Amino acid sequence: MIFRRLVCALLVLLPPAAAFAADTELKLSVEDAVRTALKKNLDLEIEKVSPPIATDQITQARSEFHPLFDYNLTYARQNRFLNNVLEIRAEDGLVRETRVTPEAELKGLLTSGTDYKLSAGLMTLKSDNPLRLFDVSYAPTVGIGFTQHLLRGFGRTVNLVKVHQAQQLEKQALLQVKAKMLDVIQEVETKYWILTYAQQHLDISKDNLKVGEELIERLKRMREAGISTDLDVSKASLAAEERRADVARAEADLKIAQARLRSAMDPDLPVTTKVIALETPQDEGPPKDLQKMIDRAIEARPEVEYQESVIENLSLQEKTARSDARWKLDATGGATYAGLGGKDVNPNLDPNVLFPMFPNLAPNLRPLPGGLEDRSDPLSSFKNGNYSWSLGLSLEIPLGSRVSLAQVLPTRLHKTQEELRLQQVKQQIQLDLEVAFHNMDAEWSQLNSAREAVRLAQLQVNAEERNLEVGLNTVWDVVEAQDRLATALDAEGKSMALYAGSRSRLHAEQAESFEDYNLVVEP
């Protein structure tokens, strides 16, 4: 008890665990970020559950053609009053019988639409019926039966529809995973480039603040030399405070960008993790050959293949509906092999007693015909059995055929609807790709303009600083020139991030992201 109180007291005195948590840095290339997201992204993890579910549906569909083994063991005991003049010799007026019947059956459905059944049994009968041949008799049977559908449900194509539909569902689940992967890759790449901009924006803000502080020190020296005034120093100090506020805002923007990338990449990362982008976007020039990109996108995008799979599934469903609308004509058949044997021949088998009216039957009762007395155990009772067989046709005509046909028309219309939707998907992909193409082209032009603006702003800063030294302008002119340079540098970084984001979207629209990272999606 004392030890427990001591532990509780220590726990109260200890600071929260978060107090010990230190900020950790996670330096990543864009490929590292993407591959981490493909393993840890929560939306993608949810989508990855669907393919195994669809695979299990394939197993369930195939199980329809797996054979079913059935085994029954019956023990029955019967005592009944005699109800036949030939049973008058029954002891106490009762006939006592005990039956033990093990039966085994193997049945199933073939992909051709054939129902089959194999059966085997061995009935052991112990009886004191006065008419019995044996005290204990064995009656083994072996049989085979089949039903072959000739119209409705005929053929592998119709009978495997459920399997093929399940395979299409698995394919659709994988395609949805691929589509989600493209979305995740694009999202992570875009947020990664936004993070690079946020890092650059903070660096520019800090550099601008440093330049402002250096200007203050420079003006103080010039004031001592009588070249500048207290007002000049005050103006420079005011500008420096504004730039210090810009640094604080840039630091907050950087943390937000890190949080967004961390959430998209791996939600399990601690909030204290500082994600640092190691790469900067590269200028690959403007996009080229729009039509080639459109053709590639139509061929490679998982959404197109998904819609084609939906149409294929409906085609399979239409085949089933057409089959169900037919007459039902089945061929049936079967064959049976039956034997008989026993032991302890009925001692009361006296024809003069059993058939007093026909004494001339006496020579024909013993020995038992067919060698029955030689089959005295279950195994030998299979010898010299008898064969039976049958063949037949079964016809079923649905008088209310409109009900069956009503399933065909909606399926056909639904298929037509999905074919139109496929065209719509292709049109949307083309439109999205055109938008991404022109956005990337525009961002590249803006990037070049931003670079030129940086060059001109730098020239202006240099000129204003030279003029300040010779007294041709004021300190405010220098501050404004520095701000314009910082704004131009920031605009250049932002344009580069937007250009890289547009490029990521253009790659995703063509499903090029799989090739960019050597990704293969398999069942």
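Analysis parameters
- Residues numbered from 1 in each chain as written.
- Predicted model: local features only at pLDDT ≥ 70, side-chain atom pairs only at ≥ 80, totals over all residues.
- Heavy atoms only, no water.
- Helix = DSSP H or I, 4+ residues; strand = E, 2+ residues; numbered from the N terminus.
- Areas by Shrake-Rupley, 256 points an atom, 1.4 Å probe, with all protein chains shown as cover.
- Patch = residues over 30% accessible without salt bridge, like charges linked within 9 Å, V, L, I, M, F, W, Y side chains within 5 Å.
- Salt bridge = Lys/Arg side-chain N within 4 Å of Asp/Glu carboxyl O.
- Core = buried A, V, L, I, M, F, W, Y, C linked by side-chain atoms within 4.5 Å.
- Buried < 20%, exposed > 50% of the residue type's maximum accessible area, 1.4 Å probe, protein only.
- Contact = heavy atoms within 4.5 Å.
- Polar contact = N/O pair within 3.5 Å; in protein donor to acceptor, adjacent residues only side chain to side chain.
- Axes fitted to C-alpha atoms, helices over the stretch in contact; angles between N-to-C directions.
- Parallel < 35°, antiparallel > 145°, perpendicular 65-115°, else oblique.
- Left-handed = near helix turned anticlockwise from the far one by under 90°.
- Nonpolar A, V, L, I, M, F, W, Y, C, P; charged D, E, K, R; others polar.
- Phe/Tyr/Trp six-rings, centres within 6.5 Å; stacked < 30°, edge-to-face > 60°.
- pLDDT = per-residue confidence, 0-100.

**A word on the overall build of the protein chain**
So, step 1. When its secondary structure is counted, the protein chain shows 15 helices and nine strands.
So, step 2. As displayed, the protein chain has an accessible area near 30,700 Å², and 56% of this comes from carbon and sulfur atoms.

**Regarding a nonpolar patch on the surface**
So, step 1. Side chains of Phe69, Tyr71, Leu73, Tyr75, Val100, Leu106, Leu118 and Ile144 sit close together on the surface and give an oily, nonpolar patch of about 800 Å² of accessible area.
So, step 2. For the nonpolar patch, the secondary-structure elements that each account for two or more residues are strand 2 (68–81) and strand 3 (94–109).
So, step 3. The leading source of residues in the nonpolar patch is strand 2, at four residues.
So, step 4. Within the secondary structure, Leu118 is located in strand 4 (residues 114–127).

**Topic: the nonpolar core**
So, step 1. Counting residues in each nonpolar core, the largest one holds 45 residues, and the members touching the most others are Val188, Leu215 and Leu219.
So, step 2. Of all the secondary-structure elements, those providing two or more residues to this core are helix 3 (30–40), helix 7 (161–224), helix 8 (230–265), strand 6 (273–277) and helix 14 (475–509).
So, step 3. No other element matches helix 7, which puts 16 residues into this core.
So, step 4. When near neighbours in sequence (up to four residues on either side) are disregarded, Val188 contacts Ala33, Val34, Ala37, Leu261 and Ala264.
So, step 5. In terms of nonpolar packing, the next biggest core, distinct from the first, is built from 16 residues, Leu433, Met440, Leu447 and Tyr499 among them.

**Observations regarding the side chain of Gln307**
So, step 1. You can see Gln307 is positioned in helix 10 (residues 302–324).
So, step 2. Given the relative accessible area of 7%, Gln307 is considered buried.
So, step 3. Reaching out from Gln307, the side chain makes a polar contact with the side chain of Glu418 at a distance of 2.5 Å.
So, step 4. If we skip the residues at most four places from it in the chain, Gln307 touches Glu418, Arg421 and Leu422.

**With respect to unusual backbone geometry**
So, step 1. Positive phi, close to 60°, is recorded for Asp289, a residue that is not glycine.
So, step 2. The topology assignment puts Asp289 in the loop between strand 6 and helix 9 (290–300).
So, step 3. With a phi angle near 55°, Asn518 is a residue other than glycine that sits in the positive phi range.
So, step 4. Here Asn518 shows up in the segment after helix 15 (513–516).
So, step 5. Judged by its relative accessible area of 66%, Asn518 is exposed.

**A few points about the packing of helix 3 against helix 7**
So, step 1. Closest axis-to-axis distance for the helix 3/helix 7 pair is 9 Å, and the angle between their directions is 140°. On the basis of their axis angle, the class for helix 3 and helix 7 is oblique. At the point where helix 3 passes helix 7, the crossing takes the right-handed sense. Of the residues in helix 7, those in contact with Val30, Ala33, Val34, Ala37 and Leu38 of helix 3 are Met181, Val184, Ile185, Val188, Glu189, Tyr192 and Trp193.
So, step 2. Class assignment for the residues of the contact of helix 3 with helix 7 results in eleven nonpolar, no polar and one charged.

**Notes on the environment of Pro286**
So, step 1. With respect to the helices, strands and loops of the structure, Pro286 is situated in the loop between strand 6 and helix 9.
So, step 2. When the C-alpha positions of Pro286 and Ser445 are compared, they lie 8.2 Å apart, and in sequence the two are 159 residues distant.
So, step 3. Not counting the four nearest positions on each side in its chain, Pro286 is found in contact with Asp441 and Trp444.

**Details of the packing of aromatic side chains**
So, step 1. Under the criterion given, the structure shown has two aromatic pairs.
So, step 2. Centroid distance Tyr192 to Trp193: 5.2 Å. Interplanar angle 85°. Geometry classified as edge-to-face. Across the pair, exposure class does not vary: Tyr192 and Trp193 are buried alike.
So, step 3. Here the aromatic rings of Tyr337 and Tyr387 are separated by 4.9 Å at their centres, their planes lie at 55°, and the arrangement is tilted. Pair noted here: Tyr337 is in strand 7 (residues 328–338) and Tyr387 is in strand 9 (residues 386–396), with a separation of 50 residues, a long-range link.
So, step 4. Given the relative accessible area of 68%, Tyr387 is considered exposed.

**Section: the pattern of salt bridges**
So, step 1. In this structure the tally under the stated criterion is 26 salt bridges.
So, step 2. A cluster of three or more residues bridged by salt bridges with shared partners is formed by Arg301, Glu303, Arg505 and Glu509.

**A few points about the environment of Ala198**
So, step 1. You can see Ala198 is positioned in helix 7.
So, step 2. Residues Ala198 and Asp490 lie 292 residues apart in sequence; the distance between their C-alpha atoms is 9.5 Å.
So, step 3. Excluding residues that lie within four positions of it along the chain, Ala198 makes contacts with Asp253, Leu254 and Ala257.

**Quick look at the environment of Asp374**
So, step 1. Mapped onto the fold, Asp374 is located in the loop between helix 12 (362–365) and strand 9.
So, step 2. Spatially, the C-alpha atoms of Asp374 and Lys343 are 8.9 Å apart, while their sequence positions differ by 31 residues.

**Examining the confidence of the model for the protein chain**
So, step 1. Here the protein chain averages 84 in pLDDT, while 87% of its residues score no lower than 70.
So, step 2. The model gives residues 1–21 a pLDDT under 50, and that stretch makes one contact with residues more than four places away or in other chains.

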